[in-house]
Amino acid sequence: MFTRCTEGARRAVVRAGIHALDAGRATLDTDMLLLGLAEVRPFALPSFTASEADVRERVDVGDARALLATLGIDLAAVHRRTRAGADEPGRWRLRRSRVRPLRVTLYGPLGEIPLAMHARKAIEVAKWKPGAVTGERLLWGLLADSYNGAARILMDAGVDLGRLVREAGIPRRRAA
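Trainee: Account for the pairing of strand β2 (residues 104-108), with residues named and values stated.
Mentor: Bridge analysis of strand β1 (residues 93-96) against β2 gives 4 bridges, and the strand direction is antiparallel. Counterpart to L94 in the pairing with β2 is L106. In the sheet, β2 pairs with strand β3 (residues 111-114) via 4 bridges, with the strands oriented antiparallel. Across the sheet, Y107 pairs through a bridge with E112, a residue of β3. Connecting β2 to the antiparallel partner β3 that follows it, the hairpin turn spans 2 residues.

Okay, structure coming up:
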């Protein structure tokens, strides 16, 4: 499923998967996809004003740093020593199950994590149009579903969604 993704889009999905695995989550959710996009920024959208810190503040990332720091363990140092090259997008695969077609899983050197329904849907929406799946298209996939919470996180972080939608070229719904 990564074959049509640009390097930046792949990197954002991989970072989201790593964050979800680090947080001990059972699935990769849309909030982690949004965090991956905010961290990697695989697009040039001035209206995407949410920083990685803004999104992280609104997402439960299961921070183990404080607990480990009380034991004298620097988690960043441990990650540097044990995860060299683990975040390289080429070492990760996004696959759909042959027997369960609605199950999509991200596989990599740090583990595997299935995508939650809304995250899978965001990636599938990004792939609707022919051509490469870019960071803008991933953002479009996230914002196309009003039930996944990505728009709320961005609005809470102070992003002007109307301007972002226009700037990213996301098609708007027409009134009936």
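Next comes the rest of the description.
Trainee: Give a description of helix α9 (residues 161-168) that names residues and reports values.
Mentor: The complete set of buried residues in α9 reads L161, L164, V165 and A168. With its buried residues spanning 100° around the axis, α9 presents them on a single face. In this fold, the buried residues of α9 make contact with α7 (135-144) and α8 (150-156). Near the N-terminus of α9, the side chain that reaches the backbone nitrogen of G162, with its oxygen 3.3 Å away, is that of D160. Just beyond α9, the residue with positive phi is G169, at close to 75°.

Trainee: Residues and numbers for the pattern of salt bridges, please.
Mentor: According to the stated counting rule, one finds 10 salt bridges in the structure shown. Here E124 and R120 are joined by a salt bridge, their closest N and O atoms 3.0 Å apart. Residue E124 and its partner R120 are located together in helix α6 (residues 117-126), separated by 4 residues, close to a single helical turn. With relative accessibility at 12%, the residue R120 sits in the buried group. Among the ionic pairs, D156 bridges to R152, the shortest N-O distance being 3.6 Å. Taken together, the residues span about one helical turn, with D156 and R152 both in helix α8 at a distance of 4 residues. Among the residues examined, D156 registers a relative accessible area of 45% and is labelled partly exposed. Linked through salt bridges whose partners overlap, the residues forming this network are R25, D29 and D31.

Conventions adopted
All residue numbers refer to position in the chain's written sequence, counted from 1. The model is predicted, so local features are restricted to residues of pLDDT at least 70 and side-chain atom pairs to those at 80 or more, both for listing and for counting; the totals for chains, interfaces and linings are taken over all residues. Side-chain measures here rest on the full set of heavy atoms in the structure, leaving out hydrogens and waters. In this description, strands pair whenever DSSP reports at least two bridges between them. Strands here are runs of E lasting at least two residues and helices are runs of H or I lasting at least four, both read from the DSSP assignment and numbered beginning at the N terminus. Only protein chains enter the calculation, and the probe is 1.4 Å; a residue is then buried if its accessible area is under 20% of its type maximum, exposed if over 50%, and partly exposed in between. Taken from the helix axis, the directions to the C-beta atoms give the arc we talk about. Throughout, a residue-residue contact means that at least one pair of heavy atoms, one from each residue, lies within 4.5 Å. Counting of polar contacts relies on pairs of N or O atoms within 3.5 Å, with two restrictions inside protein: one atom must be capable of donating a hydrogen and the other of accepting it, and residues adjacent in sequence are counted only when both atoms are side-chain atoms. Criterion for a salt bridge: a side-chain nitrogen of Lys or Arg within 4 Å of a carboxyl oxygen of Asp or Glu.

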